[in-house]
Amino acid sequence: MSTPVDPHEFSPWDFWRDADAAQREAQLERQRGLIDGHPERSLGELCFVSELASVDHEALRLGDRTYIAAGAYLTGELVAGVDCSINPYAVIRGRVTLGDAVRIGAHTSILGFNHSMEPGTPVFRQPLTTRGIVIGDDVWIGSHAVILDGVTVGSHSVNAAGAVVTKDVPAGGIVPGNPARFLRWRVEPDDAAAPASRSSISGPGPGAPGLAERVAQFGDRARTEASAVLARSWNEETGMFVDRPGVAPTVRAQADAIEIADLLTGSAPVQLAVEDQIRRLHSWQDPSTGAVAPLGPDGRPQPGLDYSHEDVAYHVLSTGYALDLLGSQFPSALGWVTEATPESVVAFCRGLPWASDAWKAGHFIDGFGTALLWTKTAGLAVPAGVEEALFGWMLLNADPRTGMWGSLTPDRGLLPVVNGFYRASRGTFAQFGVPLPHPEKVVDTVLDHVRDPRWFATGMRDACNVLDIAHPLWLTRGAGHRSDEVRSLAGRLLSDALQMWVPGEGFGFRESSEPTRGLTATAPGLQGTEMWLAIIWYLADILGIAGELGYRPRGVHRPEPASALGDARP
């Protein structure tokens, strides 16, 4: 009676989650047997190599979490990045390089060598030639596909099942057929009308609209419909803005309306005179603490709340920048800063929940950093050492492995770390024009994070999660690190975001899709509109086409530093 085959041999992706101790040790022993005595071979963490695969390489390097399933036949030189999967019975021979997150379907052949074909000599006696095959990041190669020697497969492309790929595949393209031909874009490049080289599979012809043209069309449409978007959220009965019809007025809704009007029309909302808008925002500030509390049912700020309240902390940003756009500022000092000491700032930073909720921690750093900004621009004295304590703590506690602050969590992965980084860096390093301590690690962490389908699969994205990767990638663009991947990601996200605008209503906070349709978060509102307008600008600027939009954020999401740290008081 034969011994049943462990299903993980053919479907290894859950091995390290499901396997028992004996199975794990057997797998590690298998890997040690592959690399011992072979300095040209290395395997990353949590790799899997099936006992039923034939792995006979002159050189082999596998990145973390890369799998080789049963029946695979591998020879030659293979360098694979992280999170790659080589499915059952795939053949990879010759000199082949895989980027990160490459998915290779069953029975696929990737042949990085060839025979000569001179006449008069039997083929089996012909010498072998090798040009090699290079496959980029985030590539899906369908089952039974064939990729021939000398081909470069661009990042984010899809090589359809059964495709026979004889020429270079453009980044972001979908190519089916024998021979494979361009079908459409999975990720549209900066200018889809750009001609492809004759040695590659050509994209659409000169009549196809490029991303820059679509960005320009969107900017025109948003400006044209701005008045309708704002009018939709104006509540005549209360004389205030609401995020969307049917909900109560909030402090943030007033600020979002001011930001959207400034962004798209170059002026304040027409529903209320500028002086009245300033007067209202001033009246909401507690003169004794400087705090702006959330509104109660009576439309007035709730009493007894201080800067430890999440909304109060955020109102330092939203109300402060709204007043700035209206040509005003907070009438009272922000006690959060004016009453601080270096010791209290260090204690404040240490006491934030970096390990359990780095997003919340970053939220409060953003609020305090912005309170520091408004204190300086108002010409008020910042207590000695407070600036230095804030930036010193942030610099000394940035994790050199991620470039960020805080820890991932079992249930949300890198989400709180990345989102917290955006908030913390926005209110400090970005807002004051101070260089980040580990920009390349920030890029690596963001690109790792966006692979999590819980937050970035189509239909799962929301404005918070996308803004919180767009801004860090924009902020670190000067490092030039993994710039092709960053631009490809920006192009894909930008292309999708442009399609989310609802005529006359703006953007919902969350992307609408079949599983999310009808959720409150997908309904268009001021918050979603303000955030997605900023997201689109940052993504477009990464690609060098933000000028086509015809607008540039000047409020909370302004790209320029609002002030230089240490500037003399006015």
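On a predicted model such as this, the values are computed, not experimentally measured, just so you know.

Draft legend 1. Geometry of the packing of aromatic side chains. Tallied over the full model, the rule gives 22 aromatic pairs. The interplanar angle of 80° and the centroid separation of 6.0 Å between the aromatic rings of Trp-336 and Phe-348 together place this pair among those described as edge-to-face. Of this pair, Trp-336 sits in helix α7 (residues 335–338) while Phe-348 is found in helix α8 (residues 342–351), placing the two residues twelve residues apart along the sequence. Ring-pair connections join several aromatic residues into one group, and the members of that group are Phe-391, Trp-405, Phe-421, Phe-429 and Phe-432. When the ring centre of Trp-474 is taken as origin, the NZ or CZ atom of Arg-477, which lies over that ring, is 3.9 Å away.

Draft legend 2. Layout of empty space enclosed by the protein. On inspection of all chains with the given rule, the structure shows four cavities of 30 Å³ or more. Its volume calculated, the largest cavity comes out at about 80 Å³. Lining the largest cavity are 13 residues, with Arg-426, Ala-430, Gln-431, Val-556 and Arg-558 sitting closest to its centre. A per-element tally of the lining of the largest cavity places helix α11 (residues 415–432) first, with three residues. Partitioned by chemical class, the residues of the lining of the largest cavity number seven nonpolar, three polar and three charged. Trp-234, Phe-241, Gln-254, Ile-258, Leu-272, Gln-277, Arg-280 and Leu-281 together form the lining of the second largest cavity. Elements represented by at least two residues in the lining of the second largest cavity include exactly α4 (251–265) and α5 (274–283). For the lining of the second largest cavity, the element with the most residues is α5, which contributes three residues.

Draft legend 3. Here's a closer look at α8. Every buried residue of α8 is listed here: Val-345, Phe-348 and Cys-349. The buried residues of α8 occupy an angular sector of 95° when projected down its axis, which confines them to one face. Facing away from the buried side of α8 by more than 90 degrees, the exposed set consists of Glu-343, Arg-350 and Gly-351. On its buried face, α8 sits against α7, α9 (358–377) and α10 (386–397).

Draft legend 4. Representation of the nonpolar core in the model. Of all hydrophobic cores here, the largest spans 119 residues; its most connected members are Phe-218 and Leu-494. Sorting elements by how many residues they give to this core places helix α16 (residues 526–542) first, with eleven residues. The contacts of Leu-494, once residues within four sequence positions are left out, are Leu-211, Val-215, Ile-536, Leu-539, Ala-540, Leu-543 and Ile-545. If you look at the next biggest cluster of nonpolar residues, it comprises 35 residues, including Leu-34, Leu-43, Val-153 and Ala-180.

Draft legend 5. Representation of the side chain of Asp-256 within the structure. Locating Asp-256 in the fold gives a position in helix α4. You can call Asp-256 buried: its relative accessible area is 4%. Apart from residues no more than four positions distant in its own chain, Asp-256 is found in contact with Leu-526, Gln-527 and Glu-530.

Draft legend 6. How the structure looks around unusual backbone geometry. Across the junction of Asn-178 and Pro-179, the peptide omega takes the value -5°, indicating a cis bond. Within the secondary structure, Pro-179 is located in the loop between β18 (173–175) and β19 (184–185). A positive phi is found at Asp-83, a non-glycine position, where the angle reads about 60°. Positionally, Asp-83 belongs in the loop between β5 (73–80) and β6 (85–86). Taking the relative accessible area as the measure of exposure, Asp-83 reaches 15% and is therefore buried. At His-144, a position not held by glycine, the phi torsion is positive, near 65°. For His-144, the position within the fold is in the loop between β13 (140–141) and β14 (146–147).

Draft legend 7. Layout of the side chain of Gln-285. Among the structural elements, Gln-285 can be located in the loop between α5 and α6 (310–325). Gln-285 sits in the buried class, given a relative accessible area of 5%. A distance of 3.0 Å separates the side chain of Gln-285 from the backbone oxygen of Gly-290, its partner in a polar contact. When residues no more than four places from it in sequence are discounted, the contact partners of Gln-285 are Gly-290, Ala-291, Val-292, Phe-330, Pro-331, Ser-332, Ala-333 and Leu-334.

Draft legend 8. Focus on α10. Along its twelve residues, α10 runs 17 Å from first to last C-alpha, staying within 8% of the 16 Å computed at 1.5 Å per residue. Within α10, the full set of buried residues consists of Val-386, Glu-387, Ala-389, Leu-390, Phe-391, Trp-393 and Met-394. Along its buried surface, α10 packs onto α8, α9 and α11.

Cut-off values and rules
Residue numbers run consecutively from 1 along every chain, following the written order of its sequence. In keeping with the predicted nature of the model, local features appear solely for residues at pLDDT of at least 70, side-chain atom pairs appear and are counted solely at 80 or more, and the whole-chain, interface and lining totals rest on all residues. Calculated side-chain values reflect all of the structure's heavy atoms, with hydrogen atoms and water omitted. Ring pairs are drawn from Phe, Tyr and Trp, using the six-membered ring of Trp, whenever the two centres fall within 6.5 Å, and their geometry is named by plane angle: stacked under 30 degrees, edge-to-face over 60, tilted for the rest. Here a helix means four or more residues in a row that DSSP labels H or I, a strand means two or more in a row labelled E, and each is numbered from the N terminus. To sit over a ring, a charge needs its Lys NZ or Arg CZ within 6 Å of the ring centre and within 35 degrees of the ring normal. Think of a 1 Å grid over the protein atoms and nothing else: a 1.4 Å probe that fits but is trapped marks a cavity, an open set flanked by protein within 12 Å on at least five of seven lines marks a pocket, and residues with an atom within 4 Å of a point count as lining. Grid points are joined across faces, edges and corners, and a volume is the space filled by probe spheres set on the points. Each residue receives one of three labels: charged for Asp, Glu, Lys and Arg, nonpolar for Ala, Val, Leu, Ile, Met, Phe, Trp, Tyr, Cys and Pro, and polar for the others, Gly being one of them. Burial status follows relative accessibility: with a 1.4 Å probe on protein chains alone, a residue under 20% of its type maximum counts as buried, one over 50% as exposed, and anything between as partly exposed. Picture the helix axis, draw a direction to every C-beta atom, and the arc is the one those directions span. The contact rule is simple, with two residues in contact once any of their heavy atoms fall within 4.5 Å. In this description, a nonpolar core means a group of buried Ala, Val, Leu, Ile, Met, Phe, Trp, Tyr and Cys residues linked to one another through side-chain atoms lying within 4.5 Å. Two N or O atoms form a polar contact when they lie within 3.5 Å of each other; inside protein one atom must be a possible hydrogen donor and the other a possible acceptor, and for residues adjacent in sequence the pair counts only when both atoms belong to side chains. Expected helix span is taken as 1.5 Å per residue step, with the number of steps being one fewer than the number of residues.

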